[in-house]
Number of protein chains: 2
Amino acid sequence: MINPHRYCVIMCGGVGSRFWPYSRESRPKQFIDFLGTGRTLLQMSYDRILPIVRPENVLVVTNARYLDLIREQLPDVPEDNILLEPARRNTAPCIAWAAYHIAAKDPEASIMVAPSDHLITREALFEESILRGFDFVEHHDALLTLGIKPTRPETGYGYIQVGAPVDGNIFKVKTFTEKPKLELAKVFLETGEFFWNSGIFLWSVKSIIDALKQNAPDLSRSFDEGLDKFGTPAEKQFIVENFPGCISISIDFAVMEKAKNVYVETVDFGWNDLGTWSALYDNSPKNRDANVTQNCTVMAFNATDNIFAVDGEKLVVVYGLKGYIVADAGDVLLICPKSEEQRIKQMVNDVKMTLGDKYL
Amino acid sequence: MINPHRYCVIMCGGVGSRFWPYSRESRPKQFIDFLGTGRTLLQMSYDRILPIVRPENVLVVTNARYLDLIREQLPDVPEDNILLEPARRNTAPCIAWAAYHIAAKDPEASIMVAPSDHLITREALFEESILRGFDFVEHHDALLTLGIKPTRPETGYGYIQVGAPVDGNIFKVKTFTEKPKLELAKVFLETGEFFWNSGIFLWSVKSIIDALKQNAPDLSRSFDEGLDKFGTPAEKQFIVENFPGCISISIDFAVMEKAKNVYVETVDFGWNDLGTWSALYDNSPKNRDANVTQNCTVMAFNATDNIFAVDGEKLVVVYGLKGYIVADAGDVLLICPKSEEQRIKQMVNDVKMTLGDKYL
């Protein structure tokens, strides 16, 4: 039987600009069948938590413009569970709103917060880890984050250093370190004390609201002012008026790096944040020419180490290309070396400046 | 007034495999708006000869599978003027059939034979040259070929060496040389005596049939057997039964290199056979990054010397690519260095072997 006090908040407001043109502002990464499985990343995130949380306890927080996509892709999520942010304000305001919303409905709630656009390959281990985490936060005043066992000295992630062991694979958090240099990342990997910050959190609704009050009082005050409105028809108008005034800050900066009751559950369930083309390339199955293909048929001649992400039933024939991203989606074709993918953002900006919003 | 004895035979059976996937077996190069002008190469070829030849005297010789494309693109060509080859047999049988077909209708005819997929930019000079050529072959027993003044030591073309001058820019032909090595091509260019073989011919119907009898007697015999059928309803059946048995040979090998009465008119009307991507690249206007774009919008960053041929309203964003062909058409995307374009044919063959005819 599924515990009726358990909730899941799926954060679904990202624009996924790093995967342009495969991912667009009008249809970001989480809304795409990114791996050609027939389900979008959002749908996979939803499917994954259904064994743990009742469908009516799943909330989706997103930007207002994606309402139709949410309805289309998650038809079983009740309309009241779709929280539409009137402005983009990073994760802390998003998480605070969801907490106040749930508290009004169920003061005994425990909450898992999860991104909508990550990949998890070992779902049985995932389920086990989440159940373990819920159990922990239901018995402790704890802010629990999931730390992924690192497999490489990745410089694009945040790292969590474990402190004193508490219970099995749950530890006090010793330090947070954002995006270390490569040398440091290598040391982190060697020590075995550092884990990737997955962006998956668990806590009781009471613990997170208390933590917001202590560590981000301005933010919690904004929401306290509407305390009588959450869970009522007045909530929507209150959010429209007050949410845009919230500080834009991540939950890590606003709460996790300050609070005393922060714990990490170390996990190893085949996680990938699908954050960059190179990360996607590195973590995808490759054919014998070391090419990765997403959704397309590729015939490669003397061409290696490329990633091809092409919409529809397209055949790609390529000769003599090495280490490139080839992304063809709708009305845009992008060709760029993987080693230069940090330039995509600027190129998208140039497209916008030159040709307007049409291709974003 | 247009001379009613003048005819034009447009040869339109090529499959254009070198421009795959931009050109397909189902819609070869001549049927494509290759230069984004709103008219296909075939239509441009047709338009070009209308000031010289009556519409009812224009014949199109093509493969049976392209009948619908011809009807669609050249609605003014009478159905009886579309000669459908039941098999592909190179230019000599094609030209012989057209000659016998026209002879049955008009023994006084003079004929221009022209490819359907070449580009000619200086149409006034073209018209002048063709009128001059018709006039010549109507007063001489002559097989006249048009020789293009060369602009570079091209190794992909045939060359014609001029002999004794006959009249203005018409000369006896001294030699034919197929695709010379680069060193020889450079010498050809320096001497000023060598001209590119354009594949455009003029002759009286009597001269070409006589030349076929003398130089390709097996071929002319095949057609002589149906002499009473040309221009009658029995012609079609005769061709279906006899054409496939003809030798597959070019008119150059079968007749031009053997006959004694071969002449060349040297011309300079902005000709390009659009035979290779590199030739197309070399002869196309370039943007400031030395990229050529066909039918598409390209934003190139640190990318030079490429040719982009992309169907539809597509934006191409490219970083760090040099000297490539990027051809995106329908369900195929091809990426290949210009310097390796001779491999495209083999790649198309591999596609066929691996995936069948679907993408050809």
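Remember, predicted model here, so these are calculated numbers, not experimental data. (Residues numbered from 1 in each chain as written. Chains lettered and ligands numbered in written order. Predicted model: local features only at pLDDT ≥ 70, side-chain atom pairs only at ≥ 80, totals over all residues. Heavy atoms only, no water.)

Participant: Would you explain the relation of the copies chain B and chain A in this entry?
Facilitator: There are two copies of the chain, and a rotation about an axis plus a shift along that axis relates them. Mapping chain B onto chain A calls for a rotation angle of 178° and an axial translation of 0.1 Å; the resulting RMSD is 0.2 Å. Each copy turns onto its partner about a two-fold axis. The share of interface residues of chain B whose copies in chain A are also at the interface is 100%, consistent with both copies meeting through the same surface. (Least-squares fit on C-alpha atoms with pLDDT ≥ 70 in both. Contact = heavy atoms within 4.5 Å.)

Participant: Teacher, can you tell me more about the packing of helix α3 (residues 91-105) of chain A against helix α7 (residues 217-224) of chain A here?
Facilitator: Residue and element names in this part refer to chain A. One can describe the packing of α3 onto α7 by two numbers: an axis separation of 10 Å at closest approach and a directional angle of 40°. By the criterion of interaxial angle, the relationship of α3 to α7 is oblique. The handedness of the crossing between α3 and α7 comes out as right-handed. Across the interface between the two elements, A92, P93, A96, W97 and Y100 from α3 touch L219, S220, F223 and D224 from α7. Residues that form the contact of α3 with α7 fall into these classes: seven nonpolar, one polar and one charged. (Axes fitted to C-alpha atoms, helices over the stretch in contact; angles between N-to-C directions. Helix = DSSP H or I, 4+ residues; strand = E, 2+ residues; numbered from the N terminus. Parallel < 35°, antiparallel > 145°, perpendicular 65-115°, else oblique. Left-handed = near helix turned anticlockwise from the far one by under 90°. Nonpolar A, V, L, I, M, F, W, Y, C, P; charged D, E, K, R; others polar.)

Participant: Looking at this structure, I do not really get helix α4 (residues 123-139) of chain B. What am I missing?
Facilitator: Each turn of an α-helix holds 3.6 residues, which means side chains three or four residues apart point in the same direction. Residues and elements named next belong to chain B. A rise of 1.5 Å per residue sets the reference length of α4, with its 17 residues, at 24 Å; its end C-alpha atoms lie 25 Å apart and thus fit the reference within 8%. Looking at α4, one finds that the buried residues are F126, S129, I130, G133, F134, F136 and V137. End-on view of α4: buried residues confined to an arc of 165°, all on one side of the axis. In α4, the exposed positions that point more than 90 degrees away from the buried face belong to A124, E128 and H139. (Expected span 1.5 Å × (residues − 1). Buried < 20%, exposed > 50% of the residue type's maximum accessible area, 1.4 Å probe, protein only. Arc of directions from axis to C-beta.)

Participant: How should I be thinking about the pairing of strand β13 (residues 297-301) of chain B in this particular structure?
Facilitator: Within a regular strand, the side chains alternate between the two sheet faces. Residues and elements named next belong to chain B. Buried residues dominate β13, accounting for four of its five residues. When β13 meets strand β15 (residues 315-319), the two strands line up parallel, connected through five bridges. Within β15, the residue paired with F301 across the bridge is Y319. (Pairing = 2+ DSSP bridges.)

Participant: Got a minute to help me understand the interface of chain B and chain A in this structure?
Facilitator: A common way to report how large an interface is uses the accessible area buried once the components associate. On the chain A side, the residues contacting the 32 residues of chain B number 32 residues. Approximately 2800 Å² of surface area, both sides summed, lies buried where chain B meets chain A, with 68% of it carried by carbon and sulfur atoms. The tally of links between chain B and chain A comes to two salt bridges. Here B:K314 ties to A:D328 by a salt bridge, and the two come within 2.5 Å at their closest N and O atoms. Connecting chain B to chain A are 18 residue pairs in polar contact (both at pLDDT 80 or more). Looking at which element gives the most residues to the side of chain B that touches chain A, the answer is strand β17 (residues 332-337) of chain B, with six residues. The residue inventory of the side of chain B that touches chain A, partitioned by class, reads 21 nonpolar, four polar and seven charged. Examined bridge by bridge, strand β17 (residues 332-337) of chain A and β15(B) share four bridges and lie parallel to one another. The residue bridging A:L333 from the neighbouring strand is B:V316, located in β15(B). (Buried area = accessible area lost by both parts, 1.4 Å probe. Salt bridge = Lys/Arg side-chain N within 4 Å of Asp/Glu carboxyl O. Polar contact = N/O pair within 3.5 Å; in protein donor to acceptor, adjacent residues only side chain to side chain.)

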